[in-house]
Amino acid sequence: MVSVTAPSAPASALTRGVGDAYDILQERGFLYQCSDEAGLRRALAAGPITFYGGFDPTADSLQIGNIVLAMAMAHLQRAGHRAIAVVGGGTTMIGDPTDKTDARRIMTREEIEANAQVIKGQLSRYLDFSAGRGLMVDNAEWLLNLNYIDFLRDYGRYFSVNEMVRAETYRARLETGLTFLEFNYMLLQAYDFLELFRRHGCVLQIGGSDQWSNILAGSQLIRRADGGQAFALTNVIVTDATGAKMGKTAGGLTVWLDPAKMAPYDFYQYWINVDDTLVAQYLALFTFLPMEEIRDLTAAGGAALRPAKERLAFEATALAHGREGAEKAQATARSVFGGATYGTTTDGGGGAGGDAPISALPAREIARSRLEAGISALDLLVEAGLADSRNAARRLIEGGGAYLHDARLENRTVTTADLQDGALLLRQGKKRYRRVMAV
RNA sequence: GGGUCGGUGGCAGAGCGGUCAAUUGCAUCAGACUGUAAAUCUGACGGGCUGACGCCCUACGGAGGUUCGAAUCCUUCCCGGCCCA
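These figures come from a predicted structure and were not determined experimentally.

Things to note about the overall build of chain A
Alright, step 1. Helix and strand content of chain A: 18 helices and 13 strands.
Alright, step 2. Residue burial in chain A is summarised as follows: out of 439 residues, 51% are buried.
Alright, step 3. Expressed as a percentage of contacts within chain A between residues at least 6 apart in sequence, the contacts between residues at least 24 apart total 70%.
Alright, step 4. Total accessible area computed for chain A in this model is approximately 19400 Å², and 50% of it derives from carbon and sulfur atoms.

And the structure:
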(Lines give C-alpha, C1' and ligand atoms only; values in the text may rest on other atoms or scores of the structure.)
Protein backbone atom coordinates (compact mmCIF):
# COMPACT_ATOMS: atom_id res chain seq x y z
CA MET A 1 0.00 0.00 0.00
CA VAL A 2 1.77 3.09 -1.18
CA SER A 3 1.22 6.14 0.90
CA VAL A 4 0.99 9.37 -0.97
CA THR A 5 2.54 12.29 0.78
CA ALA A 6 0.16 15.01 1.70
CA PRO A 7 1.26 18.61 1.57
CA SER A 8 -0.41 19.59 4.78
CA ALA A 9 -3.48 18.70 6.70
CA PRO A 10 -5.90 21.40 7.72
CA ALA A 11 -6.71 22.10 11.33
CA SER A 12 -8.30 19.59 13.72
CA ALA A 13 -6.67 16.64 15.33
CA LEU A 14 -5.77 14.63 12.30
CA THR A 15 -3.34 11.85 12.68
CA ARG A 16 -3.13 11.31 8.96
CA GLY A 17 -3.36 13.76 6.14
CA VAL A 18 -5.65 14.30 3.22
CA GLY A 19 -3.56 12.09 0.98
CA ASP A 20 -4.02 9.08 3.21
CA ALA A 21 -7.75 8.97 2.76
CA TYR A 22 -7.65 6.45 -0.05
CA ASP A 23 -5.38 4.10 1.86
CA ILE A 24 -7.55 4.33 4.93
CA LEU A 25 -10.66 3.37 3.02
CA GLN A 26 -8.80 0.63 1.26
CA GLU A 27 -7.24 -0.99 4.28
CA ARG A 28 -10.56 -0.91 6.10
CA GLY A 29 -12.25 -2.72 3.28
CA PHE A 30 -14.63 -0.03 2.12
CA LEU A 31 -13.64 0.16 -1.49
CA TYR A 32 -15.16 -1.70 -4.37
CA GLN A 33 -14.51 0.27 -7.54
CA CYS A 34 -12.79 3.47 -8.57
CA SER A 35 -12.99 5.16 -11.91
CA ASP A 36 -9.38 6.32 -11.79
CA GLU A 37 -7.43 5.29 -8.73
CA ALA A 38 -4.19 7.03 -9.65
CA GLY A 39 -5.98 10.22 -10.55
CA LEU A 40 -8.07 10.19 -7.41
CA ARG A 41 -5.04 9.57 -5.22
CA ARG A 42 -3.35 12.55 -6.79
CA ALA A 43 -6.40 14.73 -6.31
CA LEU A 44 -6.77 13.69 -2.69
CA ALA A 45 -3.11 14.30 -1.98
CA ALA A 46 -3.17 17.68 -3.66
CA GLY A 47 -5.29 19.09 -0.90
CA PRO A 48 -8.73 18.91 0.55
CA ILE A 49 -11.32 18.10 -2.04
CA THR A 50 -15.07 18.20 -1.88
CA PHE A 51 -16.93 14.93 -2.23
CA TYR A 52 -20.50 13.79 -1.88
CA GLY A 53 -22.63 10.81 -1.03
CA GLY A 54 -26.35 10.50 -1.45
CA PHE A 55 -29.02 9.30 0.95
CA ASP A 56 -32.56 8.62 -0.07
CA PRO A 57 -35.21 9.90 2.30
CA THR A 58 -37.48 6.96 1.60
CA ALA A 59 -37.84 6.02 5.25
CA ASP A 60 -38.17 8.03 8.42
CA SER A 61 -34.83 6.75 9.66
CA LEU A 62 -31.54 5.48 8.35
CA GLN A 63 -30.79 1.85 8.93
CA ILE A 64 -27.46 0.16 9.30
CA GLY A 65 -27.14 -0.52 5.61
CA ASN A 66 -26.74 3.22 5.19
CA ILE A 67 -23.99 3.48 7.75
CA VAL A 68 -21.33 2.00 5.52
CA LEU A 69 -21.50 5.03 3.28
CA ALA A 70 -21.70 7.39 6.24
CA MET A 71 -18.58 5.78 7.71
CA ALA A 72 -16.69 5.93 4.45
CA MET A 73 -17.58 9.58 4.16
CA ALA A 74 -16.56 10.15 7.75
CA HIS A 75 -13.11 8.73 7.07
CA LEU A 76 -12.69 11.03 4.11
CA GLN A 77 -13.84 13.95 6.17
CA ARG A 78 -11.57 13.11 9.06
CA ALA A 79 -8.71 13.07 6.61
CA GLY A 80 -9.53 16.67 5.90
CA HIS A 81 -11.84 16.56 2.93
CA ARG A 82 -15.12 18.38 2.69
CA ALA A 83 -18.27 16.31 2.77
CA ILE A 84 -21.60 16.95 1.16
CA ALA A 85 -24.46 14.72 2.11
CA VAL A 86 -27.14 14.89 -0.50
CA VAL A 87 -30.63 13.99 0.50
CA GLY A 88 -32.44 12.75 -2.54
CA GLY A 89 -35.62 14.68 -2.03
CA GLY A 90 -35.97 15.20 -5.75
CA THR A 91 -34.82 11.84 -7.00
CA THR A 92 -36.98 10.05 -4.49
CA MET A 93 -39.95 11.45 -6.31
CA ILE A 94 -38.90 9.30 -9.26
CA GLY A 95 -37.76 6.07 -7.68
CA ASP A 96 -34.42 4.41 -8.09
CA PRO A 97 -34.75 1.20 -10.10
CA THR A 98 -31.57 -0.19 -8.58
CA ASP A 99 -31.99 -3.59 -7.07
CA LYS A 100 -35.70 -3.17 -6.68
CA THR A 101 -38.11 -5.80 -7.72
CA ASP A 102 -40.82 -3.24 -8.09
CA ALA A 103 -40.92 0.43 -8.77
CA ARG A 104 -40.61 2.46 -5.66
CA ARG A 105 -43.67 4.02 -4.21
CA ILE A 106 -43.84 7.68 -5.01
CA MET A 107 -43.88 9.81 -1.91
CA THR A 108 -45.24 13.24 -1.17
CA ARG A 109 -43.03 16.27 -0.65
CA GLU A 110 -44.11 16.46 2.97
CA GLU A 111 -43.11 12.90 3.76
CA ILE A 112 -39.81 13.35 2.02
CA GLU A 113 -38.97 16.54 3.81
CA ALA A 114 -39.85 15.12 7.19
CA ASN A 115 -37.66 12.13 6.50
CA ALA A 116 -34.82 14.32 5.33
CA GLN A 117 -34.82 16.17 8.62
CA VAL A 118 -34.50 12.97 10.60
CA ILE A 119 -31.77 11.68 8.35
CA LYS A 120 -29.76 14.83 8.73
CA GLY A 121 -29.91 14.52 12.48
CA GLN A 122 -28.74 10.93 12.32
CA LEU A 123 -25.97 11.66 9.88
CA SER A 124 -24.57 14.36 12.08
CA ARG A 125 -23.50 11.66 14.48
CA TYR A 126 -21.13 10.44 11.78
CA LEU A 127 -20.37 13.56 9.81
CA ASP A 128 -19.39 17.06 10.79
CA PHE A 129 -21.74 19.57 9.24
CA SER A 130 -20.08 22.62 10.69
CA ALA A 131 -19.16 25.39 8.31
CA GLY A 132 -16.35 24.55 5.98
CA ARG A 133 -16.29 20.89 7.00
CA GLY A 134 -19.44 19.61 5.47
CA LEU A 135 -22.94 20.42 4.46
CA MET A 136 -26.17 18.80 3.62
CA VAL A 137 -28.24 19.67 0.63
CA ASP A 138 -31.47 18.38 -0.83
CA ASN A 139 -31.40 17.80 -4.56
CA ALA A 140 -35.02 18.86 -4.74
CA GLU A 141 -33.52 22.33 -4.62
CA TRP A 142 -32.40 22.08 -8.23
CA LEU A 143 -34.28 19.09 -9.61
CA LEU A 144 -37.77 20.30 -8.88
CA ASN A 145 -37.38 23.38 -11.02
CA LEU A 146 -35.84 21.69 -14.02
CA ASN A 147 -37.56 22.52 -17.25
CA TYR A 148 -38.08 19.46 -19.36
CA ILE A 149 -37.31 21.02 -22.71
CA ASP A 150 -34.27 22.84 -21.40
CA PHE A 151 -32.98 19.76 -19.72
CA LEU A 152 -33.34 17.66 -22.82
CA ARG A 153 -31.66 20.23 -24.97
CA ASP A 154 -28.81 21.01 -22.60
CA TYR A 155 -28.06 17.60 -21.14
CA GLY A 156 -30.11 14.94 -22.88
CA ARG A 157 -27.64 15.05 -25.74
CA TYR A 158 -24.83 13.82 -23.49
CA PHE A 159 -26.51 10.56 -22.62
CA SER A 160 -26.39 7.51 -24.81
CA VAL A 161 -29.36 5.23 -24.51
CA ASN A 162 -27.27 2.39 -25.89
CA GLU A 163 -24.91 2.86 -23.02
CA MET A 164 -27.59 3.19 -20.40
CA VAL A 165 -29.35 0.07 -21.52
CA ARG A 166 -26.14 -1.83 -21.11
CA ALA A 167 -25.68 -0.59 -17.55
CA GLU A 168 -25.94 -3.28 -14.95
CA THR A 169 -28.38 -1.09 -13.08
CA TYR A 170 -30.95 -1.44 -15.79
CA ARG A 171 -30.16 -4.79 -17.29
CA ALA A 172 -32.11 -6.81 -14.79
CA ARG A 173 -35.00 -4.42 -14.95
CA LEU A 174 -35.11 -4.73 -18.70
CA GLU A 175 -36.06 -8.35 -18.21
CA THR A 176 -38.89 -7.69 -15.85
CA GLY A 177 -40.00 -4.25 -16.90
CA LEU A 178 -38.74 -0.75 -16.48
CA THR A 179 -40.70 2.42 -16.88
CA PHE A 180 -39.39 5.54 -18.52
CA LEU A 181 -39.83 7.28 -15.20
CA GLU A 182 -37.30 5.08 -13.50
CA PHE A 183 -35.07 5.05 -16.50
CA ASN A 184 -34.52 8.74 -15.95
CA TYR A 185 -33.12 8.21 -12.51
CA MET A 186 -29.61 7.93 -13.87
CA LEU A 187 -29.89 11.26 -15.67
CA LEU A 188 -31.03 13.03 -12.57
CA GLN A 189 -28.35 11.55 -10.37
CA ALA A 190 -25.76 12.46 -12.98
CA TYR A 191 -27.15 15.96 -13.02
CA ASP A 192 -26.83 16.13 -9.24
CA PHE A 193 -23.14 15.49 -9.56
CA LEU A 194 -22.79 18.18 -12.20
CA GLU A 195 -24.72 20.64 -10.09
CA LEU A 196 -22.52 19.95 -7.06
CA PHE A 197 -19.44 20.23 -9.23
CA ARG A 198 -20.57 23.66 -10.33
CA ARG A 199 -21.85 24.91 -7.01
CA HIS A 200 -19.27 23.49 -4.65
CA GLY A 201 -16.42 22.21 -6.75
CA CYS A 202 -17.38 18.66 -5.82
CA VAL A 203 -15.12 16.25 -7.70
CA LEU A 204 -15.88 12.90 -6.12
CA GLN A 205 -19.00 10.92 -5.57
CA ILE A 206 -19.02 7.90 -3.35
CA GLY A 207 -21.85 5.44 -3.08
CA GLY A 208 -22.73 1.79 -2.87
CA SER A 209 -21.45 -0.42 -5.64
CA ASP A 210 -24.99 -0.68 -6.93
CA GLN A 211 -24.68 3.00 -7.78
CA TRP A 212 -21.64 2.54 -9.99
CA SER A 213 -23.30 3.27 -13.31
CA ASN A 214 -25.13 6.26 -11.91
CA ILE A 215 -21.98 7.74 -10.44
CA LEU A 216 -20.02 7.13 -13.61
CA ALA A 217 -22.76 8.80 -15.60
CA GLY A 218 -22.27 11.84 -13.41
CA SER A 219 -18.55 12.09 -13.84
CA GLN A 220 -19.00 11.63 -17.57
CA LEU A 221 -21.58 14.37 -17.69
CA ILE A 222 -19.18 16.70 -15.89
CA ARG A 223 -16.55 15.98 -18.50
CA ARG A 224 -18.86 16.30 -21.46
CA ALA A 225 -20.79 19.32 -20.34
CA ASP A 226 -18.14 21.29 -18.50
CA GLY A 227 -14.89 19.62 -19.44
CA GLY A 228 -14.26 18.94 -15.76
CA GLN A 229 -12.65 15.96 -14.09
CA ALA A 230 -14.56 14.13 -11.42
CA PHE A 231 -14.13 10.73 -9.84
CA ALA A 232 -16.40 7.84 -9.08
CA LEU A 233 -15.82 5.64 -6.07
CA THR A 234 -17.98 2.86 -4.73
CA ASN A 235 -18.00 1.10 -1.43
CA VAL A 236 -18.81 -2.53 -0.87
CA ILE A 237 -22.36 -3.58 -0.25
CA VAL A 238 -22.05 -5.30 3.07
CA THR A 239 -23.78 -8.61 3.39
CA ASP A 240 -24.53 -10.84 6.29
CA ALA A 241 -23.39 -14.43 6.62
CA THR A 242 -26.10 -15.68 4.30
CA GLY A 243 -25.08 -13.28 1.59
CA ALA A 244 -28.12 -11.12 1.98
CA LYS A 245 -27.88 -7.40 2.50
CA MET A 246 -27.29 -6.80 6.17
CA GLY A 247 -29.81 -5.04 8.29
CA LYS A 248 -32.25 -7.48 9.79
CA THR A 249 -32.15 -8.79 13.31
CA ALA A 250 -32.66 -12.37 14.26
CA GLY A 251 -36.27 -11.41 14.77
CA GLY A 252 -36.51 -10.17 11.23
CA LEU A 253 -36.65 -6.57 12.36
CA THR A 254 -34.94 -3.86 10.41
CA VAL A 255 -32.04 -2.35 12.29
CA TRP A 256 -32.97 1.31 12.41
CA LEU A 257 -30.90 4.08 13.88
CA ASP A 258 -33.93 5.81 15.28
CA PRO A 259 -34.22 4.73 18.93
CA ALA A 260 -37.99 4.99 18.65
CA LYS A 261 -37.99 2.41 15.86
CA MET A 262 -35.34 0.19 17.40
CA ALA A 263 -34.22 0.36 20.99
CA PRO A 264 -30.48 0.92 21.47
CA TYR A 265 -30.45 -2.35 23.37
CA ASP A 266 -31.69 -4.21 20.31
CA PHE A 267 -29.26 -2.29 18.16
CA TYR A 268 -26.46 -3.42 20.46
CA GLN A 269 -27.73 -7.00 20.35
CA TYR A 270 -27.64 -6.97 16.59
CA TRP A 271 -23.89 -6.57 16.66
CA ILE A 272 -23.36 -9.05 19.45
CA ASN A 273 -25.13 -11.66 17.36
CA VAL A 274 -23.06 -11.09 14.28
CA ASP A 275 -21.58 -14.16 12.65
CA ASP A 276 -18.02 -15.00 13.69
CA THR A 277 -16.71 -14.70 10.18
CA LEU A 278 -17.83 -11.09 9.91
CA VAL A 279 -16.50 -9.58 13.13
CA ALA A 280 -13.20 -8.33 11.73
CA GLN A 281 -14.83 -6.85 8.67
CA TYR A 282 -17.53 -5.16 10.67
CA LEU A 283 -15.06 -3.72 13.17
CA ALA A 284 -13.17 -2.15 10.30
CA LEU A 285 -16.28 -0.79 8.66
CA PHE A 286 -18.46 0.22 11.56
CA THR A 287 -16.03 1.48 14.17
CA PHE A 288 -13.14 3.89 14.13
CA LEU A 289 -10.87 1.53 16.05
CA PRO A 290 -7.34 1.43 14.66
CA MET A 291 -6.69 -1.51 12.41
CA GLU A 292 -3.93 -2.85 14.65
CA GLU A 293 -6.37 -3.03 17.52
CA ILE A 294 -8.91 -4.77 15.33
CA ARG A 295 -6.35 -7.34 14.29
CA ASP A 296 -5.48 -7.98 17.93
CA LEU A 297 -9.10 -8.31 18.93
CA THR A 298 -9.89 -10.78 16.22
CA ALA A 299 -6.64 -12.71 16.17
CA ALA A 300 -8.12 -15.52 18.19
CA GLY A 301 -10.99 -17.57 16.88
CA GLY A 302 -13.80 -19.46 18.49
CA ALA A 303 -15.31 -18.31 21.75
CA ALA A 304 -12.39 -15.94 22.19
CA LEU A 305 -14.08 -13.80 19.60
CA ARG A 306 -16.73 -12.74 22.05
CA PRO A 307 -14.83 -9.76 23.46
CA ALA A 308 -14.37 -8.57 19.90
CA LYS A 309 -18.10 -8.78 19.32
CA GLU A 310 -18.77 -6.93 22.51
CA ARG A 311 -16.38 -4.23 21.44
CA LEU A 312 -17.99 -4.04 18.03
CA ALA A 313 -21.42 -3.73 19.59
CA PHE A 314 -20.28 -1.11 22.04
CA GLU A 315 -18.50 1.07 19.53
CA ALA A 316 -21.19 0.85 16.87
CA THR A 317 -23.90 1.59 19.41
CA ALA A 318 -21.93 4.49 20.86
CA LEU A 319 -21.72 6.00 17.40
CA ALA A 320 -25.40 5.65 16.70
CA HIS A 321 -26.83 6.32 20.15
CA GLY A 322 -24.09 8.00 22.11
CA ARG A 323 -21.82 6.63 24.77
CA GLU A 324 -24.44 6.59 27.45
CA GLY A 325 -26.83 4.62 25.32
CA ALA A 326 -24.12 2.12 24.56
CA GLU A 327 -23.21 1.75 28.21
CA LYS A 328 -26.78 1.14 29.24
CA ALA A 329 -27.26 -1.39 26.48
CA GLN A 330 -24.08 -3.17 27.42
CA ALA A 331 -24.84 -3.25 31.12
CA THR A 332 -28.29 -4.61 30.41
CA ALA A 333 -26.99 -7.23 28.04
CA ARG A 334 -24.38 -8.39 30.51
CA SER A 335 -26.85 -8.57 33.30
CA VAL A 336 -29.44 -10.44 31.31
CA PHE A 337 -27.03 -12.92 29.80
CA GLY A 338 -25.50 -14.06 33.03
CA GLY A 339 -23.36 -11.08 33.81
CA ALA A 340 -20.31 -12.56 32.19
CA THR A 341 -17.86 -9.89 31.20
CA TYR A 342 -15.52 -10.39 28.36
CA GLY A 343 -12.72 -8.01 28.86
CA THR A 344 -13.60 -4.42 29.33
CA THR A 345 -14.69 -1.62 27.15
CA THR A 346 -12.92 1.66 26.83
CA ASP A 347 -14.04 2.96 30.16
CA GLY A 348 -12.88 -0.18 31.89
CA GLY A 349 -16.16 -1.21 33.36
CA GLY A 350 -19.16 -0.53 31.22
CA GLY A 351 -21.07 1.54 33.71
CA ALA A 352 -24.78 1.07 33.94
CA GLY A 353 -25.47 4.73 33.79
CA GLY A 354 -26.91 4.59 37.28
CA ASP A 355 -30.04 2.69 36.33
CA ALA A 356 -31.20 -0.78 37.09
CA PRO A 357 -29.11 -3.30 35.18
CA ILE A 358 -31.90 -4.27 32.85
CA SER A 359 -33.25 -0.80 32.30
CA ALA A 360 -32.42 -0.78 28.62
CA LEU A 361 -34.65 -3.74 27.79
CA PRO A 362 -37.53 -2.81 25.54
CA ALA A 363 -40.57 -2.36 27.73
CA ARG A 364 -44.31 -2.34 27.37
CA GLU A 365 -46.94 -1.26 29.83
CA ILE A 366 -50.00 -3.02 31.07
CA ALA A 367 -52.72 -1.77 33.37
CA ARG A 368 -52.35 -3.17 36.87
CA SER A 369 -56.08 -3.72 37.02
CA ARG A 370 -55.86 -6.20 34.18
CA LEU A 371 -53.26 -8.19 36.03
CA GLU A 372 -55.41 -8.14 39.11
CA ALA A 373 -58.20 -9.64 37.08
CA GLY A 374 -55.77 -12.07 35.52
CA ILE A 375 -54.56 -12.11 31.96
CA SER A 376 -53.93 -15.19 29.85
CA ALA A 377 -50.32 -15.94 29.01
CA LEU A 378 -51.39 -15.93 25.38
CA ASP A 379 -52.62 -12.37 25.47
CA LEU A 380 -49.66 -11.30 27.53
CA LEU A 381 -47.19 -12.57 24.94
CA VAL A 382 -49.09 -10.90 22.15
CA GLU A 383 -49.29 -7.60 23.96
CA ALA A 384 -45.63 -7.75 24.87
CA GLY A 385 -44.89 -8.01 21.18
CA LEU A 386 -43.34 -11.45 21.46
CA ALA A 387 -46.00 -13.18 19.39
CA ASP A 388 -47.97 -11.96 16.40
CA SER A 389 -51.19 -13.69 17.29
CA ARG A 390 -52.65 -15.80 20.02
CA ASN A 391 -52.07 -18.82 17.85
CA ALA A 392 -48.44 -17.87 17.52
CA ALA A 393 -48.25 -17.41 21.27
CA ARG A 394 -49.83 -20.83 21.75
CA ARG A 395 -47.25 -22.39 19.49
CA LEU A 396 -44.48 -20.60 21.29
CA ILE A 397 -45.63 -21.97 24.60
CA GLU A 398 -46.15 -25.45 23.22
CA GLY A 399 -42.67 -25.34 21.81
CA GLY A 400 -41.29 -24.42 25.18
CA GLY A 401 -40.01 -21.08 24.03
CA ALA A 402 -41.88 -18.77 26.35
CA TYR A 403 -40.36 -17.72 29.63
CA LEU A 404 -41.42 -15.56 32.54
CA HIS A 405 -38.68 -14.50 34.90
CA ASP A 406 -36.45 -17.11 33.31
CA ALA A 407 -38.83 -19.96 34.07
CA ARG A 408 -40.78 -21.66 31.35
CA LEU A 409 -44.18 -20.13 30.99
CA GLU A 410 -47.16 -22.43 30.61
CA ASN A 411 -50.50 -21.55 29.13
CA ARG A 412 -52.02 -20.17 32.29
CA THR A 413 -53.35 -17.00 33.78
CA VAL A 414 -50.83 -14.42 34.83
CA THR A 415 -51.68 -12.18 37.76
CA THR A 416 -50.14 -9.60 40.03
CA ALA A 417 -48.65 -12.49 41.98
CA ASP A 418 -46.23 -12.95 39.12
CA LEU A 419 -44.89 -9.42 39.34
CA GLN A 420 -41.33 -8.88 40.42
CA ASP A 421 -40.35 -5.31 41.20
CA GLY A 422 -43.60 -4.22 39.58
CA ALA A 423 -42.76 -5.80 36.26
CA LEU A 424 -42.86 -9.01 34.29
CA LEU A 425 -39.71 -10.12 32.55
CA LEU A 426 -40.75 -12.09 29.50
CA ARG A 427 -38.51 -13.91 27.14
CA GLN A 428 -39.05 -15.50 23.76
CA GLY A 429 -36.56 -18.19 22.98
CA LYS A 430 -33.06 -17.75 24.20
CA LYS A 431 -32.49 -14.11 23.80
CA ARG A 432 -35.45 -11.97 23.01
CA TYR A 433 -36.41 -10.20 26.21
CA ARG A 434 -39.20 -7.82 26.92
CA ARG A 435 -40.26 -6.13 30.12
CA VAL A 436 -43.89 -5.52 30.86
CA MET A 437 -44.48 -2.89 33.47
CA ALA A 438 -47.64 -2.78 35.55
CA VAL A 439 -48.96 0.74 35.71
C1' G B 1 -53.26 -1.18 -30.79
C1' G B 2 -52.74 -6.80 -32.30
C1' G B 3 -50.96 -11.69 -30.84
C1' U B 4 -49.32 -14.67 -26.92
C1' C B 5 -47.95 -16.24 -22.01
C1' G B 6 -48.71 -15.24 -17.07
C1' G B 7 -50.65 -13.15 -12.00
C1' U B 8 -50.74 -18.79 -5.85
C1' G B 9 -48.86 -17.86 1.11
C1' G B 10 -42.37 -13.22 3.11
C1' C B 11 -39.70 -14.85 -1.62
C1' A B 12 -39.06 -18.66 -5.35
C1' G B 13 -42.19 -22.08 -7.33
C1' A B 14 -45.87 -26.75 -7.64
C1' G B 15 -50.96 -27.64 -8.14
C1' C B 16 -54.71 -27.27 -13.24
C1' G B 17 -62.62 -29.62 -10.83
C1' G B 18 -63.12 -32.80 -5.16
C1' U B 19 -58.33 -36.35 -1.04
C1' C B 20 -55.99 -28.04 -0.96
C1' A B 21 -55.04 -23.82 4.26
C1' A B 22 -52.80 -25.61 -0.64
C1' U B 23 -46.22 -30.22 -2.65
C1' U B 24 -41.24 -28.41 -2.34
C1' G B 25 -37.00 -25.03 -1.54
C1' C B 26 -35.37 -20.54 0.84
C1' A B 27 -36.45 -17.29 4.74
C1' U B 28 -38.60 -17.13 9.62
C1' C B 29 -39.83 -18.99 14.84
C1' A B 30 -39.06 -22.62 18.85
C1' G B 31 -36.36 -26.95 20.99
C1' A B 32 -31.62 -29.83 21.42
C1' C B 33 -26.24 -28.97 21.00
C1' U B 34 -23.21 -24.36 21.89
C1' G B 35 -19.92 -19.26 22.81
C1' U B 36 -26.13 -14.46 23.18
C1' A B 37 -21.57 -17.79 17.04
C1' A B 38 -21.78 -21.27 12.89
C1' A B 39 -23.07 -26.05 11.28
C1' U B 40 -26.36 -30.06 12.39
C1' C B 41 -30.81 -32.55 14.08
C1' U B 42 -36.22 -32.04 15.64
C1' G B 43 -40.78 -29.45 15.50
C1' A B 44 -43.70 -25.26 13.92
C1' C B 45 -44.88 -21.81 10.21
C1' G B 46 -53.04 -17.70 7.44
C1' G B 47 -56.60 -16.22 11.56
C1' G B 48 -59.82 -17.77 15.73
C1' C B 49 -61.40 -21.59 19.46
C1' U B 50 -59.74 -26.12 22.25
C1' G B 51 -56.30 -29.91 27.54
C1' A B 52 -56.74 -32.87 23.29
C1' C B 53 -59.15 -35.52 18.85
C1' G B 54 -60.85 -31.64 16.30
C1' C B 55 -64.02 -27.48 14.83
C1' C B 56 -64.98 -22.61 12.58
C1' C B 57 -63.54 -18.33 9.46
C1' U B 58 -60.87 -15.97 5.60
C1' A B 59 -57.50 -16.95 1.45
C1' C B 60 -54.71 -18.75 -4.61
C1' G B 61 -54.91 -10.44 -8.84
C1' G B 62 -60.60 -7.95 -8.67
C1' A B 63 -65.77 -8.86 -9.87
C1' G B 64 -69.33 -12.12 -11.73
C1' G B 65 -70.74 -17.13 -13.60
C1' U B 66 -70.87 -22.75 -14.50
C1' U B 67 -70.94 -26.94 -10.92
C1' C B 68 -73.35 -30.92 -5.62
C1' G B 69 -68.22 -28.97 -5.34
C1' A B 70 -63.32 -24.16 -8.21
C1' A B 71 -56.68 -22.07 -6.76
C1' U B 72 -58.18 -25.33 -10.78
C1' C B 73 -63.52 -24.31 -16.11
C1' C B 74 -66.11 -19.70 -18.40
C1' U B 75 -66.90 -14.17 -18.82
C1' U B 76 -65.05 -9.58 -17.74
C1' C B 77 -61.86 -5.98 -15.50
C1' C B 78 -56.99 -4.73 -13.56
C1' C B 79 -51.64 -5.67 -13.71
C1' G B 80 -47.04 -7.74 -15.88
C1' G B 81 -43.57 -10.45 -19.52
C1' C B 82 -42.55 -11.59 -24.60
C1' C B 83 -43.38 -10.92 -30.03
C1' C B 84 -45.49 -7.62 -33.73
C1' A B 85 -47.05 -2.43 -34.74
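As for the side chain of Ser213
Alright, step 1. Considering the arrangement of structural elements, one finds Ser213 in helix H11 (residues 212-226).
Alright, step 2. Ser213 has contacts with Ala167, Glu168, Thr169 and Met186, leaving out every residue within four places of it along the chain.

A word on the sheet that holds strand E7 (residues 363-366)
Alright, step 1. As summarised here, the arrangement of the five strands in space is E7-E13-E12-E9-E10, forming an open sheet in which the pairing is mixed. Each edge of the open sheet is held by one strand with a lone partner, namely E7 and strand E10 (407-408).
Alright, step 2. Pairing between strand E9 (residues 402-404) and strand E12 (residues 423-428): three bridges, direction antiparallel. Note that in E12 the partner of Tyr403 across the bridge is Arg427.

Structural notes on helix H15 (residues 306-336)
Alright, step 1. Taking 1.5 Å of rise per residue, 31 residues should cover 45 Å, yet H15 covers just 16 Å from first to last C-alpha, more than 12% shy of that figure.
Alright, step 2. The sharpest bend along H15 comes to roughly 130°, located at His321.
Alright, step 3. Counting buried residues in H15 gives 25 out of 31 residues, a clear majority hidden from the surface.

Quick look at the domain arrangement of chain A
Alright, step 1. The domain boundaries assigned to chain A delineate domain 1 (13-235), domain 2 (241-357) and domain 3 (362-438).
Alright, step 2. Spacing between the C-alpha centres of domain 1 and domain 3 amounts to 47 Å.

Structural notes on the environment of Cys202
Alright, step 1. Looking at where Cys202 falls in the secondary structure, it is placed in strand E5 (residues 202-208).
Alright, step 2. Relative accessible area serves as the criterion here: at 0%, Cys202 is assigned to the buried category.
Alright, step 3. Residues Cys202 and Phe51, spaced 151 residues apart in sequence, show a C-alpha to C-alpha distance of 5.2 Å.

With respect to the pattern of salt bridges
Alright, step 1. Counted according to the given criterion, the structure contains 20 salt bridges.
Alright, step 2. The salt bridge partner of Lys261 is Asp60, with a shortest N-O separation of 2.8 Å. In this pair, Lys261 sits in the loop between strand E6 (231-235) and helix H12 (264-272) while Asp60 sits in the loop between strand E2 (50-55) and helix H3 (64-78), placing the two residues 201 residues apart along the sequence.
Alright, step 3. Here Glu141 and Arg199 are joined by a salt bridge, their closest N and O atoms 2.6 Å apart.

Structural notes on the packing of helix H13 (residues 279-286) against H15
Alright, step 1. Direction vectors running N to C along H13 and H15 enclose 25°, while the axes themselves pass 10 Å from each other. Between H13 and H15, the angle is such that the two are roughly parallel. Here H13 runs over H15; the crossing is left-handed. Facing H13, whose interface residues are Val279, Tyr282, Leu283 and Phe286, H15 presents Ala308, Lys309, Leu312, Ala316 and Leu319.

Some remarks on the sheet that holds E6
Alright, step 1. Taken in spatial order, the six strands make up an open sheet running E1-E6-E5-E2-E3-E4, and their pairing is mixed. At either margin of the open sheet sits one strand with a lone partner, and together these are strand E1 (31-34) and strand E4 (134-138). Pairwise comparison of adjacent strand axes, ignoring direction, gives a mean angle of 25° for this sheet.
Alright, step 2. Where E1 meets E6, three bridges bridge the pair, whose relative direction is antiparallel. Across the sheet, Cys34 pairs through a bridge with Leu233, a residue of E6.
Alright, step 3. Of the strands in this sheet, E2, strand E3 (82-87), E4, E5 and E6 touch H3, which is tilted by about 165° from E2.
Alright, step 4. Across the sheet, helix H4 (residues 109-123) lies against E2, E3 and E4, angled at about 170° from E4, the strand it touches most.

A short note on a nonpolar patch on the surface
Alright, step 1. Residues Tyr148, Ile149, Leu152 and Phe180 make up a contiguous nonpolar surface patch of roughly 460 Å² in combined accessible area.
Alright, step 2. In this structure, Leu152 sits in helix H6 (residues 148-154).

Thresholds, definitions, all that
- Residues numbered from 1 in each chain as written.
- Chains lettered and ligands numbered in written order.
- Predicted model: local features only at pLDDT ≥ 70, side-chain atom pairs only at ≥ 80, totals over all residues.
- Heavy atoms only, no water.
- Helix = DSSP H or I, 4+ residues; strand = E, 2+ residues; numbered from the N terminus.
- Buried < 20%, exposed > 50% of the residue type's maximum accessible area, 1.4 Å probe, protein only.
- Contact = heavy atoms within 4.5 Å.
- Areas by Shrake-Rupley, 256 points an atom, 1.4 Å probe, with all protein chains shown as cover.
- Pairing = 2+ DSSP bridges.
- Expected span 1.5 Å × (residues − 1).
- Bend = angle between axes of the 7 residues up to and from the residue.
- Domains from an automatic or database assignment.
- Salt bridge = Lys/Arg side-chain N within 4 Å of Asp/Glu carboxyl O.
- Axes fitted to C-alpha atoms, helices over the stretch in contact; angles between N-to-C directions.
- Parallel < 35°, antiparallel > 145°, perpendicular 65-115°, else oblique.
- Left-handed = near helix turned anticlockwise from the far one by under 90°.
- Patch = residues over 30% accessible without salt bridge, like charges linked within 9 Å, V, L, I, M, F, W, Y side chains within 5 Å.

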